[in-house]
Amino acid sequence: MYTLRKSNKAKHLRISIHPGGEVVVTIPKNISDKIVENFLQEKRPWIDRKKNLMEQYPKKTELKLSKKERNNLKEQTRIFVQDKLHFFNRNYKYSWNKISIREQKTRWGSCSQKKNLNFNSKIALLPEKLAEYIVVHELCHLGEFNHSKRFWNLVEKILPDYKQRRSDLKTEGIIFQ
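Calculation criteria
Residues numbered from 1 in each chain as written. Predicted model: local features only at pLDDT ≥ 70, side-chain atom pairs only at ≥ 80, totals over all residues. Heavy atoms only, no water. Core = buried A, V, L, I, M, F, W, Y, C linked by side-chain atoms within 4.5 Å. Buried < 20%, exposed > 50% of the residue type's maximum accessible area, 1.4 Å probe, protein only. Helix = DSSP H or I, 4+ residues; strand = E, 2+ residues; numbered from the N terminus. Contact = heavy atoms within 4.5 Å. Pairing = 2+ DSSP bridges. Axes fitted to C-alpha atoms, helices over the stretch in contact; angles between N-to-C directions. Parallel < 35°, antiparallel > 145°, perpendicular 65-115°, else oblique. Left-handed = near helix turned anticlockwise from the far one by under 90°. Nonpolar A, V, L, I, M, F, W, Y, C, P; charged D, E, K, R; others polar. Polar contact = N/O pair within 3.5 Å; in protein donor to acceptor, adjacent residues only side chain to side chain. Salt bridge = Lys/Arg side-chain N within 4 Å of Asp/Glu carboxyl O.

1. Description of the nonpolar core
Alright, step 1. The biggest cluster of nonpolar side chains holds 30 residues, and the ones touching the most others in it are Val81, Leu85, Phe119, Tyr133, Val136 and Val155.
Alright, step 2. For this core, the elements supplying multiple residues, two or more each, are α2 (67-89), β5 (99-102), β7 (117-120), α3 (128-140), α4 (149-158) and α5 (162-171).
Alright, step 3. A total of eight residues in this core trace back to one element, the largest contributor, which is α3.
Alright, step 4. Setting aside residues no more than four positions away along its own chain, valine 81 makes contact with Ile99, Ile101, Phe119 and Val135.
Alright, step 5. In terms of nonpolar packing, the next biggest core, distinct from the first, is built from 10 residues, Val25, Val36, Phe39 and Ile47 among them.

2. Here's the deal with the sheet that holds strand β3 (residues 23-28)
Alright, step 1. If you trace the three strands from one edge of the open sheet to the other, you get β1-β3-β2, paired in mixed fashion. The open sheet terminates on both sides in strands that have one partner only, identified here as β1 (3-7) and β2 (14-17). Neighbour-to-neighbour, the strand axes of this sheet turn through a mean angle of 20°, independent of strand direction.
Alright, step 2. Note that β1 and β3 share five bridges and pair parallel. Bridging from a neighbouring strand, lysine 6 pairs with isoleucine 27 of β3.

3. Focus on the packing of α3 against α4
Alright, step 1. Between α3 and α4, the shortest axis-to-axis distance is 9 Å and the interhelical angle comes to 135°. In this view, α3 runs oblique relative to α4, as classed from their interaxial angle. The element α3 and its partner α4 pack so that their crossing is right-handed. For the pair formed by α3 and α4, the contact residues are Tyr133, Val136, His137 and Cys140 on the first element and Phe151, Trp152, Leu154, Val155 and Ile158 on the second.
Alright, step 2. Residue composition of the contact of α3 with α4, grouped by class: eight nonpolar, one polar and no charged.

4. As for the side chain of asparagine 118
Alright, step 1. By the element assignment, asparagine 118 lies in strand β7.
Alright, step 2. One polar contact links asparagine 118 to arginine 102, side chain to side chain, over a distance of 3.1 Å.

5. Things to note about the sheet that holds β5
Alright, step 1. Taken together, three strands build an open sheet; the order of strands is β5-β7-β6 and the sheet is mixed. The sheet terminates laterally at β5 and β6 (109-111), the two strands that pair on one side only. If you compare each strand with its neighbour and ignore which way they point, the axes differ by 15° on average.
Alright, step 2. Here β5 runs beside β7; their pairing, made up of four bridges, is parallel. Among the inter-strand pairings, isoleucine 101 is bridged to a residue of β7, identified as phenylalanine 119.
Alright, step 3. The strands touched by α2 within the sheet are β5 and β7, with β5 carrying the most contacts at an inclination of about 145°.

6. Some points on the pattern of salt bridges
Alright, step 1. Going through the model one piece at a time under the given rule, you end up with nine salt bridges.
Alright, step 2. The residue aspartate 161 makes a salt bridge to lysine 129 at a minimum N-O spacing of 3.3 Å. Remark: lysine 129 occurs in helix α3 and aspartate 161 occurs in the loop between α4 and α5; sequence separation between them is 32 residues.
Alright, step 3. Since its relative accessible area comes to 47%, lysine 129 is described here as partly exposed.
Alright, step 4. A salt bridge links glutamate 144 to arginine 150, with the shortest nitrogen-to-oxygen separation between them at 3.1 Å.
Alright, step 5. The exposure class of glutamate 144 is buried, given its relative accessible area of 14%.
Alright, step 6. Each of Lys84, Glu128, Lys129, Glu132, Asp161 and Arg165 takes part in salt bridges that share partners, so that together they form one network.

And the structure:
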């Protein structure tokens, strides 16, 4: 059993397994059902392994917030992110242009080629260790705009336990309505 999502933005077939074992298949709008079924059949062993693994984690918590609560959350996240960026940047000495806090559905953060840092407003709801990981991750993209070994070495310089934090972040999630 899976949820099928058709997307104008999708260029490839994509399978996501969420905590609780929910399987979501995202496909480009113009893909035939036959191609989707063949793809899922080919990936069945991987899907079963990941689904069994993710079933041990609780399903994501769903929150409904008012506009005022969402604005307060954005401000809390802005303060947290700015404080942590300045704290961790003492080790790197990077510069950035703009910091944006957004209500994103699929990303915790991003870094643009123009050195703009974007963060999800939900960061303030995460345990501090996980939120710090997101800040350091995006900060390190100012030094390495990729996920190469050099990038991960930059992250590890400040967060030696980054692999555990990254893993924990994948299993602890929040969904906004």
